[in-house]
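Coordinate analysis (summary)
Each chain is listed here by its residues.
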Amino acid sequence: MTYKVIQWTTGHVGREAVKGIMRHPELELVGCYAWSEHKAGKDVGELCGIDPTGVIATSDINQLLALEADCVCYMPTFPDIDEVERILRSGKNVVSSYFINARSWGPEVQTRLIQAAEQSGVSLFGSGIFPGFANFVAAMMASASYGFSKVRFLESVDLTHYEAIANYANLGWGQPPEEKWRATNESVLGTYAECIDVIADLLHIPITEIRFDYESATAADDREFHGYSIPAGTIAGQKCQWTGMVGQEAVIELEVVWNAGKGLQPEWPVSHGYTMEVQGDPGVHTRVKFVPSKSQMQGGRPADLANVVTAMPVVNAISAVCEAKAGIRTYADLPLIRAYYTAK
Ligand SMILES: NC(=O)c1ccc[n+]([C@@H]2O[C@H](COP(=O)([O-])OP(=O)(O)OC[C@H]3O[C@@H](n4cnc5c(N)ncnc54)[C@H](OP(=O)(O)O)[C@@H]3O)[C@@H](O)[C@H]2O)c1
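This structure is a prediction, so every number in the text was calculated from the model and none was measured.

1. Considering the overall build of the chain
Check the secondary structure of the chain and you find 11 helices and 14 strands. Against the compact-globule benchmark of 20 Å for 344 residues, the chain has a radius of gyration of 20 Å, which places it among compact chains. The C-alpha extent of the chain, read off along each of the three principal axes, is 50 × 50 × 45 Å. Evaluated residue by residue, the chain yields a buried proportion of 52% over its 344 residues. Once local pairs closer than 6 in sequence are excluded, the contacts in the chain between residues at least 24 apart make up 70%. On the chain, roughly 15,700 Å² of surface is accessible, and the fraction owed to carbon and sulfur atoms is 51%.

In structure tokens:
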């Protein structure tokens, strides 16, 4: 079975998704949306730094939606709900590096997307490394215990080499620390809270409340990362935690620590990856770290791996999503998503 896929934008994550689609034996790239005018008319291979694909990127949404395709791999900087609804209503499944279950957009938007999907007989699924795949792994570990009292999860990274760091501007980075950033982060990072829903669904946890904590860290000196300026005294790091409560018990803790370089105030330790802990009988601990490939090292771009591990849980889900019951799907109700061995 081959699934025909339209790639929606070729930014940092989208370019890696295209490479993943091209290498996947069950997927065929049939179209590509260019949000940037200068990308329209170019071969997708050229936009992604690979051999020509024969697929030409276009900004003509009508033309793309008229294509016979099973799925859109939707990866713009920020989703446009009207656009996603339109894609679903055109009868195409949507996989994305943004959505989880759309609850944080509010009931009106969530219902609109569910109805669009159900009425067209298609599904919407979102993943990435986190939110997405890493928190799914954390939940799976609990299966090895008689029982558990808590799932605790930490993402801890230094974003010095992350080219998309400018996307943190809407979280307050490069601006003075102010109380308003707490509410901004809680709202902008709503998909992180939705991961609590998925873990709770997977592990039958009757969550009664989700709590959010936020702390920022500032740079003592002027810094610049990939053209994005962070002046001294402004936000260059943050620690957020989403806690799933059952009554007064914290049962799921998802903590995220992002630092732009060393020497921030305060300075939290960086452990470069994911630390997952199931507290139970017995406890289960896991560390997930990523190792750059030879070609990423040789190309001097080891940080590209962050975009690969974001894109591939989405790409590898395409066949399962295309076969799934219509609606918004999550890891809690899709069959196991598997990678595909491809000989060199
Ligand atoms: N879950 C996870 O683990 C995870 C991790 C990282 C990122 N993400 C998400 O993945 C998505 C893509 O991230 P990225 O780093 O690849 O983003 P990006 O490179 O900054 O942007 C992706 C593409 O979006 C288009 N774009 C730029 N500005 C736009 C605007 N104002 N309106 C509409 N489209 C615009 C451009 O399309 P063209 O290609 O046409 O120029 C751009 O290449 C984001 O939603 C991000 O939050 C998720």
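From this point, the discussion proceeds with the structure in view.
2. What about the pairing of strand β2 (residues 27-33)?
Counting buried positions over the 7 residues of β2 gives 5, a clear majority of the element. Two strands pair when backbone bridges link them, and strand β1 (residues 3-8) and β2 are joined in this way by 6 bridges, in the parallel orientation. Counted as the bridge partner of V5 is L29 from β2. Regarding topology, helix α1 (residues 12-23) serves as the crossover connection from β1 to the parallel β2, and that connection is right-handed.

3. Structural notes on the site of the ligand
Neighbouring the ligand are 23 residues; T10, H12, W35, S36 and S97 lie closest to it. Within the side chain of S36, one N or O atom sits 2.4 Å away from an oxygen atom of the ligand. Protein burial of the ligand: of its 920 Å² of free accessible surface, 78% is covered by the chains. Only α1 and α6 (129-141) provide two or more residues apiece to the shell around the ligand. Taken together, the residues of the shell around the ligand sort by class into 11 nonpolar, 11 polar and 1 charged. For the shell around the ligand, the two domains that each supply at least three residues are domain 1 (3-127 + 317-329) and domain 2 (130-300).

4. Describing the packing of α6 against helix α8 (residues 190-203)
In contact at an axis separation of 10 Å, α6 and α8 are set at 30° when each is read in the N-to-C sense. The angle between the axes of α6 and α8 places the two elements in the roughly parallel class. For α6 against α8, the interelement crossing comes out right-handed. Residues F130, P131, G132, N135, F136, A139 and M140 of α6 form the contact with α8, whose participating residues are T191, Y192, C195, I199, L202 and L203. By residue class, the composition of the contact of α6 with α8 is 10 nonpolar, 3 polar and no charged.

5. Details of the domain arrangement of the chain
Under the domain assignment used here, the chain contains domain 1 (3-127 + 317-329) and domain 2 (130-300). Using only C-alpha atoms to locate each centre, domain 1 and domain 2 end up separated by 26 Å. The interface of domain 1 with domain 2 comprises 11 residues on the first partner and 15 residues on the second. Regarding the contact of domain 1 and domain 2, the summed buried area is about 1,000 Å², with carbon and sulfur atoms giving 50% of it. The largest contributions to the domain 1 side of the interface with domain 2 come from H12, I100 and R103, which together make up 47% of the buried area. For the pair domain 1 and domain 2, the interface holds 1 salt bridge. At the junction of domain 1 with domain 2, the criterion picks out 9 residue pairs in polar contact (both at pLDDT 80 or more). Each residue belonging to the side of domain 1 that touches domain 2 can be placed in one class, and the counts come to 5 nonpolar, 5 polar and 1 charged.

6. Re the nonpolar core
In this structure, C73, F130, W173, W242 and W258 are the most contacted members of the largest nonpolar core, which totals 84 residues. At 9 residues, α8 tops the list of elements feeding residues into this core. Taken domain by domain, this core gets at least three of its residues from each of domain 1 (3-127 + 317-329) and domain 2 (130-300). Here W173 is in contact with L159, I165, Y168, Y228, I230, I235, A236, G237, Q238, W258, N259 and A260, once residues within four sequence places are set aside. Membership of the second largest hydrophobic core comes to 23 residues, among which are W8, V84, I87 and A117.

7. Quick look at the side chain of D197
Locating D197 in the fold gives a position in helix α8. What makes D197 buried here is its relative accessible area of 15%. Within the structure, D197 has its side chain in polar contact with the side chain of N101 (distance 2.9 Å). With residues near it in sequence (within four places) discarded, D197 still touches N101, R103 and I210.

8. A few points about the packing of aromatic side chains
Counted according to the given criterion, the structure contains 19 aromatic pairs. Between the aromatic rings of F78 and W105, the centroid separation amounts to 5.9 Å while the plane-to-plane angle is 40°, which identifies the pairing as tilted. Taken together, the residues span a long stretch of sequence, with F78 in the loop between β3 (71-74) and α4 (81-89) and W105 in the loop between β4 (93-96) and α5 (107-120) at a distance of 27 residues. A centroid spacing of 6.4 Å and a plane angle of 70° characterise the contact between Y98 and W105, whose relative ring orientation is edge-to-face. A network of ring pairs unites the aromatic residues F130, F153, Y162, Y168, W173, Y192, F212, W242, W258, Y274 and F290 as a single cluster.

9. Some remarks on the environment of C240
Following the sequence through the fold, C240 ends up in strand β10 (residues 235-246). Judged by its relative accessible area of 1%, C240 falls in the buried class. Along the primary structure C240 and N185 are separated by 55 residues, whereas in three dimensions their C-alpha atoms are 8.5 Å apart. Residues in contact with C240, not counting those within four places in the same chain, are N185, L189, F212, D213, Y214, L254, E255 and V256.

Thresholds applied
Residues numbered from 1 in each chain as written. Predicted model: local features only at pLDDT ≥ 70, side-chain atom pairs only at ≥ 80, totals over all residues. Heavy atoms only, no water. Helix = DSSP H or I, 4+ residues; strand = E, 2+ residues; numbered from the N terminus. Rg over C-alpha atoms; globule rule 2.2 N^0.38 Å. Buried < 20%, exposed > 50% of the residue type's maximum accessible area, 1.4 Å probe, protein only. Contact = heavy atoms within 4.5 Å. Areas by Shrake-Rupley, 256 points an atom, 1.4 Å probe, with all protein chains shown as cover. Pairing = 2+ DSSP bridges. Right-handed = clockwise from strand over helix to strand, strands pointing away. Near = heavy atom within 4 Å. Polar contact = N/O pair within 3.5 Å; in protein donor to acceptor, adjacent residues only side chain to side chain. Nonpolar A, V, L, I, M, F, W, Y, C, P; charged D, E, K, R; others polar. Domains from an automatic or database assignment. Axes fitted to C-alpha atoms, helices over the stretch in contact; angles between N-to-C directions. Parallel < 35°, antiparallel > 145°, perpendicular 65-115°, else oblique. Left-handed = near helix turned anticlockwise from the far one by under 90°. Buried area = accessible area lost by both parts, 1.4 Å probe. Salt bridge = Lys/Arg side-chain N within 4 Å of Asp/Glu carboxyl O. Core = buried A, V, L, I, M, F, W, Y, C linked by side-chain atoms within 4.5 Å. Phe/Tyr/Trp six-rings, centres within 6.5 Å; stacked < 30°, edge-to-face > 60°.

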